[in-house]
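Fold and geometry: a report
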Amino acid sequence: MASMRSLKELAREHARQTPEEKYRQMTEAPVAPLIRSLAAPSIVANLVTAIYNISDMFFVGMLGTSAAGAIGVAFVAMTAIQAVGFYFGQGVGNAVSRHLGAREVEQAKRFVSVGLAITMLAGVVIAVVGNILIEPICVIGGATPTILPYAETFIGIIFVGAPFMAASLLLNLILRFEGEAFFSMFAMIAGNVLNICLTPLLMFAFNMGIAGSSISTVVSQLLSFCLLFAEIQRLSPTPVSRKSIRPTKSIMREINNGGIPSFVRQIMLAVSTTLLNNAAGPYGDAAVAAMAVVQRATSFANYIQIGFGQGFQPVCGFNIGAKNYRRVREGFFYSMKVSTAIVLVIGIFTSVLAPQVIWLFRADPEVVADGTLTLRLTSFTIAFTGDALIANFALQTSGHMWLATILGACRLGLVLGPVVVLLSSRLGFFGVQIAQPVSDVITGIIAVPMVVWLLRDYARLEKEQQEA
């Protein structure tokens, strides 16, 4: 990973770049160093997010096991908000990278302005409808009677921040797809650092309890949104303009094709969390809290994979637009290989120290006992999803909407759903514990033929390009 000094140098380099220089960098610079330079800021930002998740779980856990369980339930609602942000962010970002690669800057500008306007509107709808239906949402999310009051308080406030949370994800992804990962990282880190500092202050100094954690999250997301918007206006070749807010059928179709896989992936994440929470619910609040803790603990490895995927996506999009398919294949192989290796190393660490890691989140012997086996198994099987995740990003950026959607839904719903129902009914709580690891392995196997097909398709396009 790049050092902080090299990230600063990268910022200075990007600040000097014209659109033409950016185009040459994305289509001509050596692929491996280019992906590293784009992945490093994404990984740093993702890891800071993971640190926030850990600190948030730690502080909320001080209120009791039921409050810790509420964070797992709230994850369902937050994932729904993120689904909207990722839908428009990936849809707009994929389109922007391809149009910039094809040197169609004005069209790229229209996508950004339309995407931001619609994302904010969708966030307002979530805020209103979510608070109207707050109790059934919490119950469906797996809240037990003792968890429900905490979950309603936390989620109700989170829904208020939905417009800015979704819009932050949109702008963050647009900057990444334009190859400006450093500036995206800066805004996301600023928001997360504020969140880490503000959460204990509001929770304990101002005696706001779990509401302090959710208020801190909303305020921090608002800060990130403001910084990202300023960066888009100041640095991006596609600044937001009211004159460009002209949605057309072709624009919406292209956004939909690029965004549907991410939307389904996020919705399936909410579904998987709901399934696991409900399957663990009969075994008590400690079991629900344990599943939430494991989800947070494994996010480190998952964010590494996502970081390399985010580093690969702009390279993929620019070079598809420029019809340089050799670089696309080279970037795919590199991203998959490096991200899988790093995740395996992290998996060894979290497996060996599983009880200690669980204890950091929630110092409850029952939670530690319930979560240790799950964390150990998931620490290794998450590596099986590395090829699936990179393939999913590649399929999505290439415009293969349905394949990307199916693959993205496998680990988090299409596979997990039947697995958790079957194993929990046969093996009890042990079946709940091994459901996600089993789903990871099955998803990795499903990804193999898709990866082979995708790489052969790139090879075919490369051959046609050479012969043209």
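Reference entry: report on the structure contained in this document. (Residues numbered from 1 in each chain as written. Predicted model: local features only at pLDDT ≥ 70, side-chain atom pairs only at ≥ 80, totals over all residues. Heavy atoms only, no water.)

The next point concerns the overall build of the chain. In terms of helices and strands, the chain carries 20 helices and 0 strands. Its C-alpha atoms give the chain a radius of gyration of 21 Å, within 12% of the compact-globule value 23 Å for 468 residues. Residue burial in the chain is summarised as follows: out of 468 residues, 62% are buried. Put simply, of all contacts in the chain between residues at least 6 apart along the chain, 83% involve residues at least 24 apart. Placing the 32 positive and 25 negative side-chain charges of the chain at their respective mean positions leaves the two points 6 Å apart. (Helix = DSSP H or I, 4+ residues; strand = E, 2+ residues; numbered from the N terminus. Rg over C-alpha atoms; globule rule 2.2 N^0.38 Å. Buried < 20%, exposed > 50% of the residue type's maximum accessible area, 1.4 Å probe, protein only. Contact = heavy atoms within 4.5 Å. Lys, Arg positive; Asp, Glu negative; His and termini not counted. Charge placed at Lys NZ, Arg CZ, Asp CG, Glu CD.)

Structurally, the position occupied by Ile306 is in helix 13 (residues 299-321). Residues Ile306 and Phe183 lie 123 residues apart in sequence; the distance between their C-alpha atoms is 18 Å. Residue contacts for Ile306: discarding those within four places in its chain leaves Asn46, Leu389 and Phe393.

To continue, consider the side chain of Ser335. Mapped onto the fold, Ser335 is located in helix 14 (residues 325-352). Not counting the four nearest positions on each side in its chain, Ser335 is found in contact with Ile35, Phe308, Phe312 and Ile390.

At Arg103, a residue that is not glycine, the phi angle is positive and equals roughly 65°. Residue placement: Arg103 occurs in the loop between helix 4 (65-101) and helix 5 (105-132). For Asn207, which is not a glycine, the phi torsion comes out positive at approximately 55°. Along the chain, the position of Asn207 falls in the loop between helix 9 (181-205) and helix 10 (210-235).

With that out of the way, let us pick up the packing of aromatic side chains. Applying the stated criterion across every chain yields a total of 9 aromatic pairs. Both rings, one in Tyr87 and one in Phe263, keep their centres 5.8 Å apart while their planes meet at 75°; by these two values the pair is edge-to-face. Remark: Phe263 occurs in helix 11 (residues 249-280) and Tyr87 occurs in helix 4; sequence separation between them is 176 residues. A relative accessible area of 30% places Phe263 in the partly exposed class. Each member of the aromatic cluster is reached from another via a ring pair, and the members are Tyr87, Phe88 and Phe263. Taking the ring centre of Tyr23 as reference, the NZ or CZ of Arg103 above it sits at 4.0 Å. (Phe/Tyr/Trp six-rings, centres within 6.5 Å; stacked < 30°, edge-to-face > 60°. Lys NZ or Arg CZ within 6 Å of the ring centre and 35° of its normal.)

It is worth spelling out the side chain of Thr119 at this point. With respect to the helices and strands, Thr119 occurs in helix 5. Contacts of Thr119, omitting those with residues within four sequence positions, involve Phe88, Ala166, Ala167 and Leu170.

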